[in-house]
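Structure assessment
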Number of protein chains: 2
Amino acid sequence: MAAANIKEVARHAGVSLGTVSNVLNRPDTVAPATRQRVLDAITELGYVRNDSARQLRAGHSRTVAIVVLDVANPFFTDVVRGAEQVVEEAGAMLVVCNSGEDSARERRHLELLEEQRVRGVLITPVGHGPQPNLDKLIDRGIPVVLVDRGSGRASRCSVAVDDVLGGRLAMDHLLDQGHRRIAYLGGPFSIAQVAERHAGAAAALEERGGAELRVATTSSLTVAAGRRAAEDLLALPTRQRPTAVFCANDLIALGVLQEVTARGLRVPADVAIVGYDDIEFAGAAAVPLSSVRQPREQLGRTAAQLLLEEAQSGETHQHRHVVFQPELVVRRSSEQTRRARR
Amino acid sequence: MAAANIKEVARHAGVSLGTVSNVLNRPDTVAPATRQRVLDAITELGYVRNDSARQLRAGHSRTVAIVVLDVANPFFTDVVRGAEQVVEEAGAMLVVCNSGEDSARERRHLELLEEQRVRGVLITPVGHGPQPNLDKLIDRGIPVVLVDRGSGRASRCSVAVDDVLGGRLAMDHLLDQGHRRIAYLGGPFSIAQVAERHAGAAAALEERGGAELRVATTSSLTVAAGRRAAEDLLALPTRQRPTAVFCANDLIALGVLQEVTARGLRVPADVAIVGYDDIEFAGAAAVPLSSVRQPREQLGRTAAQLLLEEAQSGETHQHRHVVFQPELVVRRSSEQTRRARR
DNA sequence: TATAGCGTCTAAAACGTTTCATCCAGTCGG
DNA sequence: CCGACTGGATGAAACGTTTTAGACGCTATA
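The structure displayed is predicted, hence computed values, not measured ones.

1. Side note on the interface of chain B and chain A
Size of an interface: often given as the accessible area lost when the parts come together. Taken together, the contact pairs 56 residues of chain B with 54 residues of chain A. Approximately 4700 Å² of surface area, both sides summed, lies buried where chain B meets chain A, with 56% of it carried by carbon and sulfur atoms. By the criterion of area lost to chain A, the three top residues of chain B are B:Met93, B:Glu115 and B:Phe281, representing 14% of everything that side buries. Where chain B touches chain A, the interface holds 6 salt bridges. Between A:Arg105 and B:Glu84 there is a salt bridge whose closest N-O contact spans 3.6 Å. Mapped onto the side of chain B that touches chain A, the elements with two or more residues apiece are α4 (51-58), α5 (74-89), β2 (93-98), α6 (103-115), α7 (132-139) and α11 (250-262) of chain B.

2. What to know about the state of the cysteines
Residues and elements named next belong to chain B. Tallied over the full model, the rule gives 0 disulfides over all chains. Left without a disulfide partner, Cys157 is nearest to the cysteine sulfur of Cys97, which lies 20 Å away. When its relative accessible area of 0% is taken as the criterion, Cys157 is described as buried.

3. Digging into the pairing of strand β3 (residues 120-123) of chain B
All names here are of chain B. Of the two faces of β3, both are covered, the one formed by Gly120 and Leu122 as well as the one formed by Val121 and Ile123. Sheet topology places β3 next to strand β4 (residues 144-147); 3 bridges connect them, and they run parallel. The partner of Leu122 across the bridge, within β4, is Val145. With respect to chirality, the unit in which β3 leads through α7 into the neighbouring parallel β4 is right-handed.

4. With respect to the side chain of A:Arg331
Residues and elements named next belong to chain A. If you trace the backbone, Arg331 turns up in the segment after β12 (327-329). Within the structure, Arg331 has its side chain in polar contact with the backbone oxygen of Leu289 (distance 2.7 Å). Among all residues touching Arg331, those that are not within four sequence positions of it are Asp278, Ala282, Gly283, Pro288, Leu289, Ser290 and Arg293.

5. Concerning the side chain of A:Ser291
All names here are of chain A. As for its position among the elements, Ser291 is in strand β10 (residues 290-293). For Ser291, a relative accessible area of 0% puts it in the buried group. Side-chain polar atoms of Ser291 contact the side chain of Asp250, separated by 2.8 Å. In terms of polar contacts, Ser291 uses its side chain to reach the backbone amide nitrogen of Asp278, at 2.8 Å. If sequence neighbours within four positions are ignored, Ser291 has contacts with Asp250, Val274, Gly275, Tyr276, Asp277, Asp278, Glu327, Leu328 and Val329.

6. Thoughts on the domain arrangement of chain A
Domain parsing of chain A yields domain 1 (6-49), domain 2 (61-161 + 295-326) and domain 3 (163-294). With centres defined by C-alpha atoms, the gap from domain 1 of chain A to domain 2 of chain A works out at 37 Å.

7. Quick look at the relation of the copies chain B and chain A
Overlaying chain B on chain A yields an RMSD of 0.1 Å, the required transformation being a rotation through 180 degrees with an accompanying axial translation of 0.0 Å. On the angle and the small slide along the axis, the relation comes out as a two-fold axis. Considering only C-alpha atoms, the residue of chain B closest to the rotation axis is B:Ala286, which sits at 1.3 Å. A symmetric contact is evident, with 96% of the interface residues of chain B recurring at the interface of chain A.

8. Quick look at the packing of aromatic side chains
All names here are of chain A. According to the stated counting rule, one finds 8 aromatic pairs over all chains in the structure shown. Taking the centre distance of 6.1 Å and the plane angle of 75 degrees together, the rings of Tyr184 and Phe189 count as edge-to-face. On the basis of relative accessibility, which here comes to 0%, the residue Tyr184 falls in the buried class. Of the aromatic side chains, those joined through ring pairs into one cluster are Tyr184, Phe189, Phe246 and Tyr276. The cationic tip of Arg197 hangs over the ring face of Tyr276; the distance from NZ or CZ to the ring centre is 3.6 Å.

9. With respect to the layout of surface pockets
All names here are of chain B. Of the volumes computed, that of the second largest pocket is approximately 660 Å³. Taken together, 22 residues form the lining of the second largest pocket, with Ile6, Tyr47, Asn50, Ala53 and Arg54 sitting closest to its centre. Those elements that provide at least two residues to the lining of the second largest pocket are α1 (6-13), α2 (17-25) and α4. Considering every element that reaches the lining of the second largest pocket, the biggest residue donor is α2, with 4 residues.

10. Section: the protein's contact with DNA strand C
With respect to spatial proximity, 22 residues lie near DNA strand C, and among them A:Ser16, A:Thr19, A:Thr34, B:Ile6 and B:Arg57 are the closest. When atoms of DNA strand C within 4 Å of the protein are sorted by moiety, sugar and phosphate together comprise 70%. B:Ile6 places a main-chain nitrogen or oxygen 2.7 Å from a phosphate oxygen of DNA strand C. In the environment of DNA strand C, a phosphate oxygen lies 3.1 Å from a nitrogen or oxygen atom belonging to the side chain of B:Arg26. For the surface near DNA strand C, the leading source of residues is α2(B), giving 4 residues.

11. Considerations on the protein's contact with DNA strand D
The environment of DNA strand D is made up of 24 residues, and the closest members are A:Ile6, A:Arg57, B:Ser16, B:Thr19 and B:Thr34. Counting only atoms of DNA strand D within 4 Å of the protein, the fraction found in sugar and phosphate groups is 69%. Between DNA strand D and B:Thr19, the relevant distance is 2.5 Å, taken from a phosphate oxygen to a side-chain nitrogen or oxygen of the residue. Broken down by secondary-structure element, the contributors of at least two residues to the surface near DNA strand D are α2 (17-25) and α4 (51-58) of chain A together with α2 and α4 of chain B. Partitioned by chemical class, the residues of the surface near DNA strand D number 10 nonpolar, 9 polar and 5 charged.

12. Points about the sheet that holds strand β7 (residues 212-217) of chain B
All names here are of chain B. If you walk across this open sheet you meet the 6 strands as β7-β6-β8-β9-β10-β12, and the pairing is mixed. Single-partner strands in this sheet number two, and they are β7 and β12 (327-329). The sheet shows a mean angle of 20 degrees between the axes of neighbouring strands, taken without regard to direction. Two elements, strand β9 (residues 272-277) and strand β10 (residues 290-293), share 4 bridges in a ladder whose sense is parallel. Residue Gly275 lies in a different strand from β10, and its bridge partner there is Ser291. Against the sheet, helix α10 (residues 223-234) makes contact with β6 (181-186), β7 and β8 (244-247), and its axis sits at roughly 150 degrees relative to β6, the strand it touches most.

About the cut-offs
- Residues numbered from 1 in each chain as written.
- Chains lettered and ligands numbered in written order.
- Predicted model: local features only at pLDDT ≥ 70, side-chain atom pairs only at ≥ 80, totals over all residues.
- Heavy atoms only, no water.
- Contact = heavy atoms within 4.5 Å.
- Buried area = accessible area lost by both parts, 1.4 Å probe.
- Salt bridge = Lys/Arg side-chain N within 4 Å of Asp/Glu carboxyl O.
- Helix = DSSP H or I, 4+ residues; strand = E, 2+ residues; numbered from the N terminus.
- Disulfide = S-S within 2.5 Å.
- Buried < 20%, exposed > 50% of the residue type's maximum accessible area, 1.4 Å probe, protein only.
- Pairing = 2+ DSSP bridges.
- Right-handed = clockwise from strand over helix to strand, strands pointing away.
- Polar contact = N/O pair within 3.5 Å; in protein donor to acceptor, adjacent residues only side chain to side chain.
- Domains from an automatic or database assignment.
- Least-squares fit on C-alpha atoms with pLDDT ≥ 70 in both.
- Phe/Tyr/Trp six-rings, centres within 6.5 Å; stacked < 30°, edge-to-face > 60°.
- Lys NZ or Arg CZ within 6 Å of the ring centre and 35° of its normal.
- 1 Å grid on protein atoms, 1.4 Å probe; cavity = no way out; pocket = protein on both sides within 12 Å on 5 of 7 lines; lining within 4 Å.
- Points joined across faces, edges and corners; volume = space filled by probe spheres on them.
- Near = heavy atom within 4 Å.
- Nonpolar A, V, L, I, M, F, W, Y, C, P; charged D, E, K, R; others polar.
- Axes fitted to C-alpha atoms, helices over the stretch in contact; angles between N-to-C directions.

What follows is the structure, given as structure tokens:
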């Protein structure tokens, strides 16, 4: 209905169309009297800028997209919040897209975003092989920043947390606590984090020796998957059963915790647990969960900053790879109470 | 860089500009041979539609927005997932905006969305007073569907869950379990759900009589706020201390659970707890949490359906108000074991 | 007095689509 | 053999901005 254009506003205020545009974009170049007249016309007609037209002229939009693996995963929601802060501060808008770890959906999203000529894309890609879709974006001049994924590529910025270090921290801690039969739960290993956290754990264990690491692969990083994996683990004869479990994320860890207590075993006395991500609920779990904490919001903030920087500096931009260090938060789920192990 | 036009594609394929457009939009109206030639040109040039131009012509975009109170709240992430399904199925795109319960940010978002001429807006508004911003959208012909908020208005569709009923279910359950000193925790009461769940609880209690309801207002619906509120409650002399707490959401309930167990009290023996929302972590909490479950994804799906319906039917659209019924999930946190209360 | 400069405003081009009226070359019925 | 129709293609207009080159009237400077 009320679809007033800039032209109608101009007519209403008795000025030319270009003047209205100037009032909108460079208010100081137009005389106060006329400016006021134009502003009055604008409010009277209920005029609202048409962003499509503006974008068409500008060649690109003022929105930045973030493509996450799962909107419902607390890790990503925090990253989103961090990115949001920075993006909105810059007067742009952040749109959140959910790939759901499905590369077809991811591709679909990237196509749409490319059609929209978004200002830039923050993304945690589904796989970690070559990424033709992303390369295409970059060719077109749309900056891409990788979030929490492979820092190797020279053609794009990235932010990540050192997952190898995180795995190492967790493992060192469990070894310090005297554990000698330890399990690593997570999967699929095609997810880089899952593999790297494992690599860190394995490395730490190898350096210190004298302990064994059993790996149980899960089909996804959910509470339910954690429960299922724990079932198998707990079915082992007591002598072989791991005394500690290091989980690829907190959801898995919560699943393990559920299953362990459901079987009447105690945490950490019978099975110690260390998770990863330190989501808000980790501290509120049945037994407060030890976990490797990542600076999630900061990850999002930094990613957004790199993106905006690249979008502004254009050709002269130097790609950067920022790596944050995780931190182990020890809570009851892995705190040795009394008797030494084994 | 590679900013190929529809015009360049046309030149490349040796056809007119309009023909290329036809290939894109009505492939069957163009002869197979030419169609193929155009398609080849498209892939060769790496042409990607410019959505701004398309939108400008069409008068509106193909995206639908959802404005939520908190991206990190599991309730909303599920609603988002539901809406996403429907919206993407319809070939549109869902963008998620976060108001953070801040009405200034909400307004800013709505302004941007209006500038973008979005196809429609799903929103859980911050306050529940009059909403001039939303009215403005509707005036402009942009459909708005209220999510989980006041079903009264005739000028817009809405989907909601019956929060009064939810409060009633929780309270009836606690009364059935023999509790006579009960507390309601939640806030701020300016959030409609907080008020309505309380109203339901109060109504149930009044009907059955013989029990008292103490209300403790929290400043927000977070775990931390729950802990703080619980502190005050537990400071009461044992004889006055409530034997059961009904919380306005699960985050609060988890906070209460944390605080109660931190003080060496047992759940449900000393304090029973019922939460609201039945988030995934409710079942994985220290003591599995009884909670009122809402059909969250369905809420999102239905909202999106109503929106798309309205966007298509235009003038002839009849606004509808869908109300879903919540369901109480009883878990250990409120299950009476033996001795009767009072 | 001419000129340069400044502040203010205008007119027109350009951005990349979609759509609509037209046109053209066949084909078919009479 | 002619008129009517049809499938397929074209050209131009329109969508609503932003931006650029100028125009116009003044004042300050040479």
